[in-house]
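The residues making up each chain are set out below.
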Amino acid sequence: MTVPTGRRERKKAATRQKIADTALRLFLDRGFDAVGIREVASEADVAVTTLFSHFAAKEALVFEQDEDFEQRLTRAVTGRAPDEPLIPRLRQEIHALVRHCTAAGAAPTWHLIDASPALRRYEESMRLRHAETLSAAIAADPGLGRTGTASRSIARFVIDAYALAREAAEPDAAVDEIFEMIEAAWEVTGRSPGA
C-alpha cells in the first residue's frame, strides 16, 4: 500500500485500515452476511458516513487493497523506463499480489470469499475493472504499439494469471508458467500483419 505523507493522509489511512481490520474480524467470526454495516461502523468507532467515505460497498471492506493493486498495475506500465520490457514488470506485480494472497493467514479470508456469492461477484467485477484499467494503460502507451484488442486480451490474461495462480498448489510456479504463455501472446501481438 502507498504510504501517505502528510498527517491528515496518515490519519485517513489509519482510519481506513481500522475499519477494514474490524470488518474482516467480524466477518471471519460470524460470516459476511451476518454482519451489518452499522455494526462494523460501531465496532470501529466511526460513523456510517465515515465508513462509506472510505469504502463504497460492504463487499469492498474485504478487498481493502483493491485500489492499491490497480494503481500498481497501472504504474507497471506507466512507470517503466522507455526501453524496459512490459511483461516482466507485470509478472513481478502479479507475483507480489499472489504472494500476498497466499501468505500464511490469508486462507480464512479466501474461505470467507468462496463461501459468499456476493463476495465472489464483487471479486469478479473487481478483476474485470482491473483488466480494463490495465488495458487502457497499455493501449495509451505509444511505445508498446498494441491494438485495443491486443491490449484488452493481454490485460485479461494478466489479471486471470493472478486468480489461477492463487488457487494453484504451487502459486509461484503457476505465475511463471502462465507468464510464459502471456509473453508468447505479447510477442505475437507485436508482429505486423503478414509477418
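Preceding block: the structure.
Here the structure is a predicted model, which means the values were calculated and not measured.

*Asks:* Which parts of the structure should I look at to understand the overall build of the chain?
*Replies:* The helix and strand tally for the chain stands at nine helices and zero strands. N-terminal to C-terminal, the α/β element order of the chain is α-α-α-α-α-α-α-α-α. If you line up the chain on its principal axes, its C-alpha atoms span 65 × 40 × 25 Å. Across the 195 residues in the chain, those meeting the buried criterion constitute 43%.

*Asks:* Help me out: how do you make sense of the layout of surface pockets in this one?
*Replies:* In this approach, a probe sized like a water molecule rolls over the atoms, and the result shows the empty space that is left. Of the voids in this model, the largest pocket is the one considered here, and its volume is about 570 Å³. Lining the largest pocket are 31 residues, with Val-62, Phe-63, Gln-65, His-100 and Cys-101 positioned closest to its centre. Secondary-structure elements contributing two or more residues to the lining of the largest pocket are α1 (7–30), α4 (66–78), α5 (86–101), α6 (107–115), α7 (117–140) and α8 (148–166).

*Asks:* Looking at this model, I keep getting lost on the nonpolar core. Mind explaining?
*Replies:* The nonpolar side chains of a soluble globular protein tend to be buried with one another. Of all hydrophobic cores here, the largest spans 57 residues; its most connected members are Phe-27, Val-40, Leu-90, Ile-94 and Phe-179. Among the elements of the structure, α1, α2 (37–44), α4, α5, α6, α7, α8 and α9 (171–190) are those that each provide at least two residues to this core. If we skip the residues at most four places from it in the chain, Phe-179 touches Ile-87, Leu-90, Arg-91, Ile-94, Val-158 and Ala-161.

What counts and how
- Residues numbered from 1 in each chain as written.
- Predicted model: local features only at pLDDT ≥ 70, side-chain atom pairs only at ≥ 80, totals over all residues.
- Heavy atoms only, no water.
- Helix = DSSP H or I, 4+ residues; strand = E, 2+ residues; numbered from the N terminus.
- Buried < 20%, exposed > 50% of the residue type's maximum accessible area, 1.4 Å probe, protein only.
- 1 Å grid on protein atoms, 1.4 Å probe; cavity = no way out; pocket = protein on both sides within 12 Å on 5 of 7 lines; lining within 4 Å.
- Points joined across faces, edges and corners; volume = space filled by probe spheres on them.
- Core = buried A, V, L, I, M, F, W, Y, C linked by side-chain atoms within 4.5 Å.
- Contact = heavy atoms within 4.5 Å.

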